[in-house]
Amino acid sequence: MLATLLGFFMLSLDATAVNVALPGIGRTLGGTTAGLQWVVDAYTLMFAALLISAGAVADRIGARRLFGTGLAAFMIASAACGVAPGLGLLIGGRVVQGSAAAIMLPASLALVRQAFPDPARRAKAIARWSVGGAVAIAAGPVVGGVLTSAVSWRAIFFINLPVGLVTLVVLAGAPRSPRRAVPLDPAGQITAIAGLGALTFGVIEGGENGFGRPLVLGCLLLAAVTLAAFVVAEARAVHPMVPLGTFRSRTVTVCVAIGFAINVAFYGLIFVLSLYFQRILGEPAVTAGLMFLPMTALLSSANLASARVAVRFGPRVTIWTGLGVSALGMLALLGVCTFPDRLLLAVVMVPAGLGLGFAIPSLTVMLLDAIPADQAGLAAGMLNSSRQIGGTLAVAVFGAMVSGRAHFVSGLRGSILIGALMLLAATAAALTLPGQAKALSE
């Protein structure tokens, strides 16, 4: 539990802290705005493309072994990023970091699933696991700003090394994970990576440079073709990476869809408001990070409260309650998002983050309980892949909507409205989930 929590904390902290460091990286290494954008997007691209594949591999070779391998690779890549003499090498290091993060995340959830076979104890464990990410999300922008200002942006990457070493030492004492003695699915692996990679790349490029460019259209067409090939390959495979029968479960399908909607709303909101605070209100990076602190700091408390409520009333209740609160918070933010009062903005943002922090642990619990224990890595990969793609789509589309100062405010309102509508739809979907007893036996 401690090893997975530390690993999840490190991944989440790195992902959020780097955003604040981009201006400092630009001053040191040079490069265009598009080049700096790829410091973030290179990580996102590989993270989204490899998640499902990594989850299936974790079930086959053992979650502990894959988690340790990913952790070692993440540390090596962090060191390479910290000493990178140019922007190209830094982006290359971020590609490896994203790949390693994709390996670690589903393996960490699989370890939690295997360590806590009792559903009630597992719900509490997943809530504690979620706290690692929530605390990192809250601390990331502030830590990134402080380290960049006081030391250097390179310190953001070097801080991963001592945390990673401690995690490896703790992981060495964990028991070996069970394995599924079935062959890997190379056709599924290749088509999934190609399809998700092409989709992510096309969306990122489209949001930055326009969706009508031949490169973007080609990537989106390639994504459609390869993802269709993935479905065909999985339907014909003797030992498919993602058994298509899994999606006959309403629980699995709805949970994956809700995960997508959550990240569209949450990461889309953070992205557009970060730009608004700095470009329109003129706040420095550290102050912009602090404005998110009231919203993100309560995520960990909401995670823990979610586990207690879920044990008593069932995970479905916490999911639709959290999503509903977050949707109402987004609608309230829509009414005050252009007010110049910084304190009011920070306070109104709180329900949006609080509701999602309340919903996510139970969403994870319900999905893991709906899939056999030996496929826990697959379940984690599917959920987090859908979430990562949702966040990537939101950043790309919302970024296009707020491009240009003249249209920024209307684009900001439109982005928040889309996020609110996605959460309202997710709330309605959550009401169709089975009750606790049925979910646990499905």
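Residues numbered from 1 in each chain as written. Predicted model: local features only at pLDDT ≥ 70, side-chain atom pairs only at ≥ 80, totals over all residues. Heavy atoms only, no water.

**Quick word on the layout of surface pockets**
And step 1. Each pocket or cavity is described by its volume, and for the second largest pocket that value is around 310 Å³.
And step 2. Taken together, 15 residues make up the lining of the second largest pocket; nearest its centre are Ile 52, Leu 196, Leu 227, Phe 230 and Phe 247.
And step 3. Of all the elements in the fold, those that place two or more residues in the lining of the second largest pocket are α8 (186–209), α9 (214–236) and α16 (376–401).
And step 4. If you tally residues by element for the lining of the second largest pocket, the top one is α16, at four residues.
And step 5. Residues of the lining of the second largest pocket, tallied by class, amount to 13 nonpolar, two polar and no charged. (1 Å grid on protein atoms, 1.4 Å probe; cavity = no way out; pocket = protein on both sides within 12 Å on 5 of 7 lines; lining within 4 Å. Points joined across faces, edges and corners; volume = space filled by probe spheres on them. Helix = DSSP H or I, 4+ residues; strand = E, 2+ residues; numbered from the N terminus. Nonpolar A, V, L, I, M, F, W, Y, C, P; charged D, E, K, R; others polar.)

**Re the nonpolar core**
And step 1. Counting 110 residues, the largest nonpolar core has Ile 258, Phe 277, Leu 323 and Leu 333 as its most contacted members.
And step 2. Top element by residues in this core is helix α10 (residues 250–280). It accounts for 17 residues.
And step 3. The contacts of Phe 277, once residues within four sequence positions are left out, are Gly 282, Glu 283, Ala 288, Met 291, Phe 292, Leu 345 and Met 349.
And step 4. Grouped together as the second largest cluster of nonpolar side chains are 18 residues, Leu 36, Cys 81, Leu 87 and Ala 155 included. (Core = buried A, V, L, I, M, F, W, Y, C linked by side-chain atoms within 4.5 Å. Buried < 20%, exposed > 50% of the residue type's maximum accessible area, 1.4 Å probe, protein only. Contact = heavy atoms within 4.5 Å.)

**Regarding a nonpolar patch on the surface**
And step 1. A surface patch of nonpolar side chains, amounting to about 430 Å² of accessible area, comprises Leu 328, Leu 331, Leu 417, Leu 421 and Leu 424.
And step 2. Contributing elements (two or more residues each) for the nonpolar patch: α13 (315–336) and α17 (408–430).
And step 3. A total of three residues in the nonpolar patch trace back to one element, the largest contributor, which is α17.
And step 4. With respect to the element layout, Leu 421 can be found in helix α17. (Patch = residues over 30% accessible without salt bridge, like charges linked within 9 Å, V, L, I, M, F, W, Y side chains within 5 Å. Areas by Shrake-Rupley, 256 points an atom, 1.4 Å probe, with all protein chains shown as cover. Salt bridge = Lys/Arg side-chain N within 4 Å of Asp/Glu carboxyl O.)

**A short note on the packing of aromatic side chains**
And step 1. Evaluation of the coordinates by the stated rule reveals six aromatic pairs.
And step 2. Taking 4.0 Å as the distance between ring centres and 5° as the angle between the ring planes, the aromatic pair formed by Phe 8 and Trp 129 counts as stacked. Of this pair, Phe 8 sits in helix α1 (residues 2–29) while Trp 129 is found in helix α5 (residues 119–150), placing the two residues 121 residues apart along the sequence.
And step 3. Ring plane angle 50° and centroid distance 6.2 Å describe the contact between Tyr 276 and Phe 277, whose orientation is recorded as tilted. Grouping residues by exposure puts Tyr 276 and Phe 277 together as buried.
And step 4. Three or more aromatic residues link up through ring pairs in this structure, and these residues are Tyr 276, Phe 277 and Phe 408. (Phe/Tyr/Trp six-rings, centres within 6.5 Å; stacked < 30°, edge-to-face > 60°.)

**Concerning the packing of α8 against α9**
And step 1. One can describe the packing of α8 onto α9 by two numbers: an axis separation of 8 Å at closest approach and a directional angle of 155°. Here α8 lies roughly antiparallel to α9, going by the angle between them. The chirality of how α8 crosses α9 is left-handed.
And step 2. The residue makeup of the contact of α8 with α9, split by class, is 18 nonpolar, six polar and two charged. (Axes fitted to C-alpha atoms, helices over the stretch in contact; angles between N-to-C directions. Parallel < 35°, antiparallel > 145°, perpendicular 65-115°, else oblique. Left-handed = near helix turned anticlockwise from the far one by under 90°.)

**Section: the environment of Ile 270**
And step 1. Relative to the helices and strands, Ile 270 resides in helix α10.
And step 2. Spatially, the C-alpha atom of Ile 270 lies 35 Å from that of Pro 117, the residues being 153 residues apart in sequence.
And step 3. Residues in contact with Ile 270, not counting those within four places in the same chain, are Phe 292 and Met 295.

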